[in-house]
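# Summary of the model geometry
The residues making up each chain are set out below.
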Amino acid sequence: MKKEELIRKLENAKLPDLLVVSHKERLKKLLLEKPAARRAAGKSPDRPGAWSLTAVFNWLRAPAWRAAAASAIVLLIIGAAGAVTFYLSSPSPAAIAASVVKNDPGIQQKLGGTGEIIIVRVEVRDSIASVVCGRSVGDFIEADVDINGRAVVSSRRYEAVFLPELPAEARDGAIKIALTDPAVKEMVAQGGLIGGVLPIFSSVSKIALVNGNILEVTPAASQAIVPILYDGKSWLVEVNLEEGRIDHIIEPQSNLSPYLEIRYAQIAL
Amino acid sequence: MIRTDISPEEYALKAEGELVKRAQHSREAFGELYELHYQRIFNYAVKRTSNVQIALDITSVTFMKAFSQIKKYRWRDIPFAAWLYRIAGNEINDHFRREGRRPASIEQIAELADTNDYIDEINQAEEELSRHEEFLLLRQKLAELPTMYQEVIVLKFFEKKKIREMVNILGKKEGTIKSLIHRGLEKLKEKMQ
């Protein structure tokens, strides 16, 4: 077959134009239903701007589906350093998998940026482990690790992770802490803009694996990132809200999702 | 009144921009976006997977993710559909990577779905799809190619997207997309021999 003929075939093929009305209606209803109505109906609790995909699939599909998925999942929730230490000091398959991922150059490159790789979940099935990891900002990577071969065999990126908004009090507190650093204060004094404060992933209060491939992550509110736009570049100031100190100042980098908007504003010092 | 200082396309884009901004604060406005884009995203998923149930799953996830992220979405004078295509495309690619591990498939629908209407409708959609023999044959051959080629060929020939639109959807450079289409067609031609 000639290329032109193939192109003609592709261009002229009669294409399906399908619609499953009941799915469309149910999904729309689910999306647009007010949180109170969902709670009254016994569905998943809600938070502003975020939606539980478990609820979607429970509602659109069958309850049995979730039970089957849930039974197949071993979920390990890790509280940052303590849990990582647990993994690294334990000889379990999960510990091996976590260690392999943390040291894999390909994963490090995919995550971009700098700073420690945080393991947020390890799921072991036979000799393969699925490890979800990330840095304090940016996307998550899920890596499949051959435990016997101690190697990452495949990996994929989660581009959409649900980030709850930080409460106003925590946001203001984070900015105050960030401004305790003289260099940050100087940048702001010279016209640098402070962006919307982001939650940080170094501590995870809740993580749920939904539908086998969707992660819902609720970061703990003890740490946050204050973005500073100065001289055309974004600086990220990691602050510890509980201890009232700056953990790190990350130099300008670009691994934030292009679809996550950071709103910057000038504030009076 | 139609303004004359901008083209209809620009006007439509501006109107969509306004709707997206409203949707960032209003469920009803998001509902309008949903009505505008649901069917095209579902059919894009059908064309990529040739499986109605998987396409429904992908459509659900796409809109739930869009709904969850809409407040953080940054309008950049690019049609909203590009973002939805991008989310759906990532879901589809992920589906292909994980094939065999996904628990749901069309065969399971009878025991999983909870209403007869829903099952009937899916069966009807499957039947309708099965009548598109030429498309299914092309899809079958396309499925033998790496996902990156499938993606560009479906977008260009089945979704009739221009290269400029594909740049927005895929986040790749124009030259890269042209090259992927060219190589994809060469590979598909070999499969069709």
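Our subject is the structure that appears above.
For every chain, the first residue of the written sequence is number 1, and numbering continues from 1 along that sequence. Think of it this way: whatever chain is written first is A, whatever ligand is written first is 1, and the rest follow in order. Local features in this predicted model are restricted to residues whose pLDDT is 70 or higher, and side-chain atom pairs enter the listing and the counts only when it is 80 or higher, whereas totals over whole chains, interfaces and linings include all residues. Calculated side-chain values reflect all of the structure's heavy atoms, with hydrogen atoms and water omitted.

### Regarding the overall build of chain B
Which entries qualify depends on this criterion: Only runs of H or I of at least four residues qualify as helices and only runs of E of at least two qualify as strands under DSSP, and these elements are numbered from the N terminus. Only protein chains enter the calculation, and the probe is 1.4 Å; a residue is then buried if its accessible area is under 20% of its type maximum, exposed if over 50%, and partly exposed in between. Two residues form a contact once any of their heavy atoms are found within 4.5 Å.
When you go through chain B residue by residue, the secondary structure sums to 10 helices and 0 strands. Scanning chain B from its N terminus toward the C terminus, one meets helices and strands in the order α-α-α-α-α-α-α-α-α-α. Burial analysis of chain B (193 residues in total) assigns 54% to the buried set. Across chain B, the fraction of contacts at a sequence separation of at least 24, relative to all contacts at a separation of at least 6, is 63%.

### Describing unusual backbone geometry
One non-glycine residue with positive phi stands out, namely Arg150 of chain A, at about 50°. Look at Arg150 of chain A and you get exposed, because its relative accessible area is 52%. The backbone phi angle of Ser50 of chain B is positive, close to 45°, even though this residue is not glycine. Within the secondary structure, Ser50 of chain B sits in the loop between helix H2 (27–49) and helix H3 (52–69). Ser50 of chain B gets classed as partly exposed once you look at its relative accessible area, which sits at 25%.

### A word on the packing of aromatic side chains
Geometrically, a pair of aromatic rings is defined through the distance of the ring centres and the angle of the planes. Residues and elements named next belong to chain B. The cut-off we apply is this: A pair of Phe, Tyr and Trp rings is counted when the ring centres sit within 6.5 Å of each other, with Trp represented by its six-membered ring. The angle between the planes then sorts it: under 30 degrees is stacked, over 60 is edge-to-face, the rest tilted. Comment: the charge-over-ring label is applied if NZ (Lys) or CZ (Arg) is within 6 Å of the ring centre and within 35 degrees of the ring normal.
Throughout the structure, instances matching the rule amount to 10 aromatic pairs over all chains. Here the aromatic residues Tyr34, Tyr38, Phe42 and Phe63 are joined through ring pairs into a cluster of three or more. In this structure, Lys156 packs its charged tip against the face of Phe157, placed 5.5 Å from the ring centre.

### Looking at helix H9 (residues 163–170) of chain B
All names here are of chain B. Rules: Working definition: the arc comes from the directions between the helix axis and the C-beta atoms, pointing outward to the latter.
Listing the buried residues of H9 in full gives Ile163, Met166, Ile169 and Leu170. Seen from one end, H9 has its buried residues packed into an arc of 110°, which puts them on one side. Residues of H9 that are buried make contact with helix H4 (80–97), helix H8 (147–158) and helix H10 (174–192).

### Here's the deal with the pattern of salt bridges
We count it as follows: A pair is scored as a salt bridge if a Lys or Arg side-chain nitrogen falls within 4 Å of a carboxyl oxygen belonging to Asp or Glu.
What the rule picks out here adds up to 14 salt bridges over all chains. Of the charged contacts in the structure, one is a salt bridge between Glu243 of chain A and Arg245 of chain A, with a shortest N-O distance of 2.7 Å. Note that Arg48 of chain B and Glu151 of chain B form a salt bridge whose closest N and O atoms lie 3.9 Å from each other. A residue pair is termed long-range when its members are at least 10 positions apart, and Arg48 of chain B in helix H2 and Glu151 of chain B in helix H8 qualify at 103 residues.

### Digging into helix H7 (residues 133–142) of chain B
All names here are of chain B. Looking at H7, one finds that the buried residues are Phe135, Leu138, Arg139 and Leu142. Along the axis of H7, the buried residues cluster in a sector spanning 100°; they form a single face. Residues of H7 that are exposed and angled more than 90 degrees away from the buried face: Glu133 and Gln140.

### Quick word on the pairing of strand E3 (residues 140–146) of chain A
Note on strand geometry: in a regular strand, side chains alternate between the two faces of the sheet. Residues and elements named next belong to chain A. Under the convention used in this document: A pair of strands is considered paired only if DSSP assigns at least 2 bridges between the two.
Within E3, 6 of the 7 residues are buried, leaving the element largely enclosed by the surrounding structure. In this structure, strand E2 (residues 128–134) lies alongside E3, joined through 7 bridges in antiparallel fashion. Bridge pairing links Gly134 to Phe140 in E3.

### Remarks on the nonpolar core
For clarity, the cut-off: In this text, buried Ala, Val, Leu, Ile, Met, Phe, Trp, Tyr and Cys residues form a nonpolar core when linked through side-chain atoms within 4.5 Å.
Ranked by size, the top nonpolar core spans 69 residues in total, and within it Leu10 and Leu31 of chain A together with Phe42, Val52, Phe80 and Ile153 of chain B carry the most contacts. Core analysis: the second largest hydrophobic core is formed by 18 residues, Ala94, Ile107, Leu111 and Ile117 of chain A among them.

### So, the environment of Ile128 of chain A
Residue and element names in this part refer to chain A. With respect to the helices and strands, Ile128 occurs in strand E2. Judged by relative accessible area, Ile128 falls into the partly exposed class, the value being 34%. Excluding residues within four positions of it along the chain, Ile128 makes contact with Glu123, Asp144, Val145, Asp146 and Ile147.

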